[in-house]
Amino acid sequence: MIKKFLNLGMHPIANSFLKKGKKNNFKNEFFYNLSVGFNEKNYLVSLMKPVNPKKQYTDTYAHRASESKTMRKAFQLVAREFQKRFKPNLSMEIGSNDGVFIRNFNKKKIIAVEPCKNLAQITKNKKFKTYSDFWNVKLSKKILKENGKVDLVFSANTISHIPNLKETFDAISIILSENGTMIIEDPYLPTVINSNSYDQFYDEHVYVFSALAVGNIVRQSDLRLYDIEPSNTHGGSMKYFICKINDKRKSSKRLFKYLSKEKKLGLNKIDTYKKFANRVQKSKKDLLNLLKTLKKRNKKIISYGATYKSTTVFNYCKIGTKYLDYVVDTTLNKQGKFTPGQHIPIISPEEGINENVDYAFLGAWNFKKEIIKKEKKFIKNGGKFITHVPSVKVITKY
Ligand code: TYD
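Rules used throughout
Residues numbered from 1 in each chain as written. Predicted model: local features only at pLDDT ≥ 70, side-chain atom pairs only at ≥ 80, totals over all residues. Heavy atoms only, no water. Buried < 20%, exposed > 50% of the residue type's maximum accessible area, 1.4 Å probe, protein only. Helix = DSSP H or I, 4+ residues; strand = E, 2+ residues; numbered from the N terminus. Pairing = 2+ DSSP bridges. Right-handed = clockwise from strand over helix to strand, strands pointing away. Contact = heavy atoms within 4.5 Å. Axes fitted to C-alpha atoms, helices over the stretch in contact; angles between N-to-C directions. Near = heavy atom within 4 Å. Polar contact = N/O pair within 3.5 Å; in protein donor to acceptor, adjacent residues only side chain to side chain. Areas by Shrake-Rupley, 256 points an atom, 1.4 Å probe, with all protein chains shown as cover. Nonpolar A, V, L, I, M, F, W, Y, C, P; charged D, E, K, R; others polar. Core = buried A, V, L, I, M, F, W, Y, C linked by side-chain atoms within 4.5 Å. Phe/Tyr/Trp six-rings, centres within 6.5 Å; stacked < 30°, edge-to-face > 60°. Lys NZ or Arg CZ within 6 Å of the ring centre and 35° of its normal. Expected span 1.5 Å × (residues − 1). Arc of directions from axis to C-beta. Parallel < 35°, antiparallel > 145°, perpendicular 65-115°, else oblique. Left-handed = near helix turned anticlockwise from the far one by under 90°.

Asker: Got a minute to help me understand the pairing of strand 7 (residues 150-156) in this structure?
Answerer: Looking down a regular strand, the side chains alternate between one sheet face and the other. The element strand 7 is extensively covered by neighbouring structure, given that 6 of its 7 residues are classed as buried. Summarising the sheet, strand 4 (residues 91-94) and strand 7 pair through 3 bridges and their orientation is parallel. Within the sheet, the bridge partner assigned to Met 92 lies in strand 7 and is Val 153. Relative to strand 8 (residues 176-187), strand 7 runs parallel, the two being bridged by 6 bridges. Looking across to strand 8, one finds that Val 150 is bridged to Leu 176. As for the winding sense of the linkage, the β-α-β connection from strand 7 through helix 5 (residues 165-175) to strand 8 is right-handed.

So this is what it looks like as structure tokens:
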């Protein structure tokens, strides 16, 4: 039933940045096959074999959502808008990370769910009610018993990470009040297809959603997709608005427009995905050719942003220290470590961005604007950025 259309080879856990040392030895690294498939029945695009979440969301989980100014601002705006629009008595966020969204709420009116203990501790310390567990039916029943029903459930870049979608939405059905709203936000499949951003596929992204697929999935848990709204986060995402199946709310015109656009794009046909896979192979060839040409000309190349996405690019294309001297990243707990699989050292931008660097590959291409604005001096000194999205090129216009 699930047809494989893309095989990206063997990959490490995208966020398992490595320390040199005895315990976390490079040799003990865990690898899995990263392949992507299409379900012809419900139009869901997913990894063929998800990794066990316990291997991924550990107590040393590195991603801190509040590190980026763009994200802080985006979450603040969204939080304000939701409170105004839905006037919830009680809200809940699933995958609250370090509290970047919930901090815009009254502490008494929001519940945080975050399985990574290091992150949950941050919101606990700030006195937000935090459940440090994986989201499932058992946890939903526990939260219901202790707090009652929830009017607004928000979950950004989390639901697409959970292998068991049926249980995930069954658990939502249990906790959501009769007129309640759930909003999920995740990278949007048409953007991935159109911009060739195959690096949205990594162990955490078990699914890349479309409206067609989300509509089909939530129906199985007596829920209904009634609206959607595009957003710019993570290089092109979609917010899906979900209510109970018998809720009187009308489905929006915008939803129907996107559903028909998705059909036009062929998201309900395997051929679309096979063509995409061919473009991904070309992207790999083009990137390697560009890096080889620059290396022949003795250029110094680095990467900007130790993203999970770039773990996919580097391991699929086999790009290591032969091409890239190092990766720069502002995240303190990534600095001093090595990228998963290819073991490229990570240092701070202050240390790594200087006149000796000729080219910087945009590992964090989703923050292109923010980075280019920040790195005016690098560009003025002749430094150039490379991107692979939507096609491999050296950026010449700023
Ligand atoms: P993110 O957008 O979360 O991508 P992914 O989900 O693929 O990991 O990661 C962005 C990374 O880029 C994060 O580690 C912080 C880093 N970064 C910088 O180093 N400098 C910057 O100016 C920005 C915006 C991000």
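Asker: Would you explain the sheet that holds strand 3 (residues 45-47) in this entry?
Answerer: In any sheet, the strands associate via hydrogen bonds between backbone groups, in a parallel or an antiparallel arrangement. Across the sheet, which stays open at both edges, the 4 strands sit in the order 1-2-3-9 with antiparallel pairing between neighbours. Looking at the sheet topology across the chains shown, the edges are occupied by strand 1 (2-12) and strand 9 (207-208). Alignment of strand 2 (residues 31-39) against strand 3, held across 3 bridges, turns out to be antiparallel. Paired with Gly 37 across the strands is Ser 46, a residue of strand 3. Seen against the sheet, helix 9 (residues 270-296) touches strand 1, strand 2 and strand 3 and runs at an angle of roughly 30 degrees to strand 1.

Asker: What is the right way to read the site of the ligand from this model?
Answerer: Surrounding the ligand, one finds 18 residues, the nearest of these being Tyr 308, Asp 329, Lys 334, Asn 366 and Lys 374. Measuring from an oxygen atom of the ligand, one finds a side-chain N or O atom of Tyr 202 at 3.5 Å. A distance of 2.6 Å separates an oxygen atom of the ligand from a polar atom in the side chain of Lys 334. Summarising the interface, the protein chains cover 95% of the accessible area of the ligand, which totals 560 Å² for the free molecule. Secondary structure elements with two or more residues in the shell around the ligand: helix 10 (308-317) and helix 12 (368-374). Looking at the shell around the ligand residue by residue, the classes come out as 6 nonpolar, 7 polar and 5 charged.

Asker: Would you mind showing me how to read the side chain of Asp 227 here?
Answerer: Along the chain, Asp 227 falls in strand 10 (residues 223-231). Here Asp 227 falls in the buried class, since its relative accessible area comes to 7%. At 3.3 Å, the side chain of Asp 227 and the side chain of Arg 254 are in polar contact. In contact with Asp 227, not counting residues within four places along its chain, are Arg 85, Lys 239, Tyr 240, Phe 241, Ser 252, Arg 254 and Leu 255.

Asker: Before we go on, may I ask you to explain the sheet that holds strand 11 (residues 237-244) in this structure?
Answerer: Strand order in the open sheet formed by 7 strands is 6-5-4-7-8-11-10, and the pairing between neighbours is mixed. The sheet terminates laterally at strand 6 (129-131) and strand 10, the two strands that pair on one side only. The sheet shows a mean angle of 20 degrees between the axes of neighbouring strands, direction not considered. As paired elements, strand 5 (residues 110-113) and strand 6 share 3 bridges and run parallel to each other. The residue of strand 6 that forms the bridge with Ile 111 is Lys 129. Against the sheet, helix 5 makes contact with strand 4, strand 7, strand 8, strand 10 and strand 11, and its axis sits at roughly 145 degrees relative to strand 8, the strand it touches most. Sitting on the sheet, helix 8 (residues 253-265) is in contact with strand 10 and strand 11, with an inclination near 80 degrees to strand 10.

Asker: For this particular structure, what's the right way to read the nonpolar core?
Answerer: Nonpolar side chains in soluble globular proteins tend to end up buried together. Residues Phe 5, Leu 6, Phe 201, Phe 276, Leu 287, Ile 319 and Ile 386 are the most contacted members of the largest nonpolar core, which totals 54 residues. Breaking this core down by element, the ones donating at least two residues are strand 1, strand 2, strand 3, helix 3 (117-125), helix 6 (189-195), helix 9, helix 10 and strand 15 (359-362). Examining the composition of this core, we find that 10 residues originate from one element, helix 9, more than from any other.

Asker: Hey, could you run me through the packing of aromatic side chains in this one?
Answerer: For any pair of aromatic rings, the description rests on two quantities: the centre-to-centre distance and the angle between the ring planes. Within the structure shown, the criterion is met by 23 aromatic pairs. Ring centres 5.3 Å apart and planes at 65 degrees place the aromatic pair Phe 378 and Phe 385 in the edge-to-face group. Phe 385 carries the same exposure label as Phe 378, and that label is buried. An aromatic cluster is present here, built from Phe 75, Phe 82, Phe 86, Phe 101, Phe 105, Phe 154, Tyr 226 and Phe 241 joined pairwise through their rings. The side chain of Lys 261 reaches across the aromatic face of Tyr 258, ending 4.7 Å from its centre. The ring centre of Tyr 316 lies 4.6 Å from the NZ or CZ of Lys 284, which sits over that ring.

Asker: Could you clarify how one ought to interpret helix 9 in this entry?
Answerer: Structural remark: α-helix, 3.6 residues per turn; residues separated by three or four positions point the same way. In this model, helix 9 (27 residues) spans 40 Å end to end at C-alpha, consistent with the 39 Å of a helix rising 1.5 Å per residue. Those residues of helix 9 that sit buried are Ile 270, Thr 272, Tyr 273, Phe 276, Ala 277, Val 280, Ser 283, Leu 287, Leu 288, Leu 290, Leu 291 and Leu 294.

Asker: I tried to follow helix 8 on my own but got confused; where do I start?
Answerer: With 13 residues, helix 8 ought to run about 18 Å at 1.5 Å a step, and its terminal C-alpha atoms sit 18 Å apart, in line with that. Among the residues of helix 8, Leu 255, Tyr 258 and Glu 262 are the ones counted as buried. Around the axis of helix 8, the buried residues are gathered within 65 degrees of arc, so they sit on the same side. Along helix 8, exposed side chains directed more than 90 degrees from the buried face belong to Lys 253, Phe 256 and Lys 264. Where helix 8 is buried, its residues touch helix 6, helix 7 (211-219), strand 10 and strand 11. With its phi angle positive at about 85 degrees, Gly 266 sits one or two positions after the end of helix 8.

Asker: Explanation requested: the packing of helix 4 (residues 137-147) against helix 5 in the structure shown.
Answerer: What describes two packed helices is the angle between their axes and the distance between those same axes. As a packed pair, helix 4 and helix 5 sit with axes 8 Å apart at the nearest point and diverge in direction by 15 degrees. As the angle between them shows, helix 4 and helix 5 are arranged roughly parallel. Every pair of crossing elements has a handedness; the one defined by helix 4 and helix 5 is right-handed. In this structure, helix 4 uses Val 137, Ser 140, Lys 141, Ile 143 and Leu 144 to contact helix 5, whose residues at the interface are Glu 167, Asp 170, Ala 171, Ile 174 and Ile 175. Each residue belonging to the contact of helix 4 with helix 5 can be placed in one class, and the counts come to 6 nonpolar, 1 polar and 3 charged.

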